[in-house]
There are 2 protein chains.
Amino acid sequence: MFLARVYVTLKKSVLDPQGVTVKHALDSLGYRQVDDVRLGKYMEIKINSGDRQKAEGLLKEMCEKLLINPVIEEFRYDLEQK
Amino acid sequence: MFLARVYVTLKKSVLDPQGVTVKHALDSLGYRQVDDVRLGKYMEIKINSGDRQKAEGLLKEMCEKLLINPVIEEFRYDLEQK
């Protein structure tokens, strides 16, 4: 069994309006030390496999097919054996 | 300058319908090795401060005040000096 933690972020060149909104909200609460906010997604996926390479291949495939939008997003992950 | 990476997840006891939907979608694509999916949020926040303790205090305060919902969510973070 592997626990995959996947971090999905917008590509650097893509505008993040949600992050801008959060930054403005923090500004209006008085947190002026915040320079930038970018929002992304975080996923925890349990993969029932005894083989790290297979689990990793599967994870990459799932990300590219369904979980992320490769036009505007990029992802990184770590894989922990449980 | 610090870069804070914040990982927000639903508490273990809270049902995650979005995760269930993603799991079903993966099932229907044939990924039957996936046992569980939980979705969360990921944030990158740049904090303009030279002092780690101050930046950390600020970050915790912002999370508790605005960025997370402590009733159903929990968060962890790491802080990297830039």
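Residues numbered from 1 in each chain as written. Chains lettered and ligands numbered in written order. Predicted model: local features only at pLDDT ≥ 70, side-chain atom pairs only at ≥ 80, totals over all residues. Heavy atoms only, no water.

Q: I tried to follow the relation of the copies chain B and chain A on my own but got confused; where do I start?
A: There are two copies of the chain, and a rotation about an axis plus a shift along that axis relates them. The two copies are related by a screw motion: chain B maps onto chain A through a turn of 180° and a shift of 0.0 Å along the axis, at an RMSD of 0.0 Å. Here the two chains are linked by the operation of a two-fold rotation axis. The C-alpha atom lying nearest the rotation axis in chain B is that of B:Lys41; the distance is 2.3 Å. Take the interface residues of chain B: 100% of them recur as interface residues in chain A, which is what a same-surface contact looks like. (Least-squares fit on C-alpha atoms with pLDDT ≥ 70 in both. Contact = heavy atoms within 4.5 Å.)

Q: Quick question: what am I supposed to make of the side chain of A:Ser49 here?
A: Examined against the element boundaries, A:Ser49 turns out to sit in the loop between β2 (34–47) and α2 (52–67). Those residues in contact with A:Ser49 that lie beyond four places of it in its chain are A:Met1, A:Phe2, A:Lys54 and A:Ala55. (Helix = DSSP H or I, 4+ residues; strand = E, 2+ residues; numbered from the N terminus.)

Q: Would you mind going over helix α1 (residues 17–28) of chain A with me for this structure?
A: Side chains that are three or four residues apart share a direction in an α-helix, a result of its 3.6 residues per turn. Residues and elements named next belong to chain A. The terminal C-alpha atoms of α1 lie 17 Å apart, and with 12 residues this matches the ideal 16 Å at 1.5 Å per residue to within 8%. Every buried residue of α1 is accounted for by Gly19, Val22, Lys23, Leu26 and Asp27. Seen end-on, α1 carries its buried residues on one side only, within an arc spanning 145°. Exposed positions of α1 whose direction lies more than 90 degrees from the buried face are Pro17, Gln18, Thr21, His24 and Ser28. (Expected span 1.5 Å × (residues − 1). Buried < 20%, exposed > 50% of the residue type's maximum accessible area, 1.4 Å probe, protein only. Arc of directions from axis to C-beta.)

Q: Explanation requested: the sheet that holds strand β3 (residues 73–81) of chain B in the structure shown.
A: Each strand in a sheet pairs with another by means of backbone hydrogen bonds, the pair being arranged parallel or else antiparallel. Spatially, β3(A)-β1(A)-β2(A)-β2(B)-β1(B)-β3(B) is the arrangement adopted by the six strands of the open sheet, whose pairing is antiparallel. On the outer flanks of this sheet lie β3 (73–81) of chain A together with β3 of chain B, each paired with one strand and no other. The mean inter-strand angle of the sheet, taken between neighbouring strand axes irrespective of direction, is 20°. Examined bridge by bridge, strand β1 (residues 2–10) of chain B and β3(B) share nine bridges and lie antiparallel to one another. If you follow B:Val8 over to β3(B), its bridge partner there is B:Phe75. (Pairing = 2+ DSSP bridges. Axes fitted to C-alpha atoms, helices over the stretch in contact; angles between N-to-C directions.)

Q: Explain the pattern of salt bridges here, please?
A: Following the criterion strictly, the structure yields 12 salt bridges over all chains and no others. Across the salt bridge formed by A:Lys65 and A:Glu61, the nearest N and O atoms sit 4.0 Å from each other. Of the two residues, A:Lys65 and A:Glu61 both sit in helix α2, four residues apart, roughly one turn of that helix. Its relative accessible area of 38% is what places A:Glu61 among the partly exposed residues. The partner of B:Lys23 in a salt bridge is B:Asp27, with the nearest N and O atoms 3.1 Å apart. With B:Lys23 and B:Asp27 both in helix α1 (residues 17–28) and four residues apart, this pair spans about one turn of that helix. For B:Asp27, a relative accessible area of 19% translates into the label buried. Several salt bridges share partner residues, and in doing so they unite A:Arg5, A:Asp78, A:Glu80 and A:Lys82 into one network. (Salt bridge = Lys/Arg side-chain N within 4 Å of Asp/Glu carboxyl O.)

Q: Which parts of the structure should I look at to understand the pairing of β2(A)?
A: Looking along a regular strand, one sees the side chains alternate between the two faces of the sheet. Taking burial as the measure, the 14 residues of β2(A) include 10 buried ones, the bulk of the element. Examined bridge by bridge, strand β1 (residues 2–10) of chain A and β2(A) share eight bridges and lie antiparallel to one another. Within β2(A), the residue paired with A:Arg5 across the bridge is A:Glu44. As judged from the 13 bridges shared by β2(A) and strand β2 (residues 34–47) of chain B, these two strands associate in the antiparallel manner. Opposite A:Tyr42, over in β2(B), you have B:Gly40 as the bridge partner.

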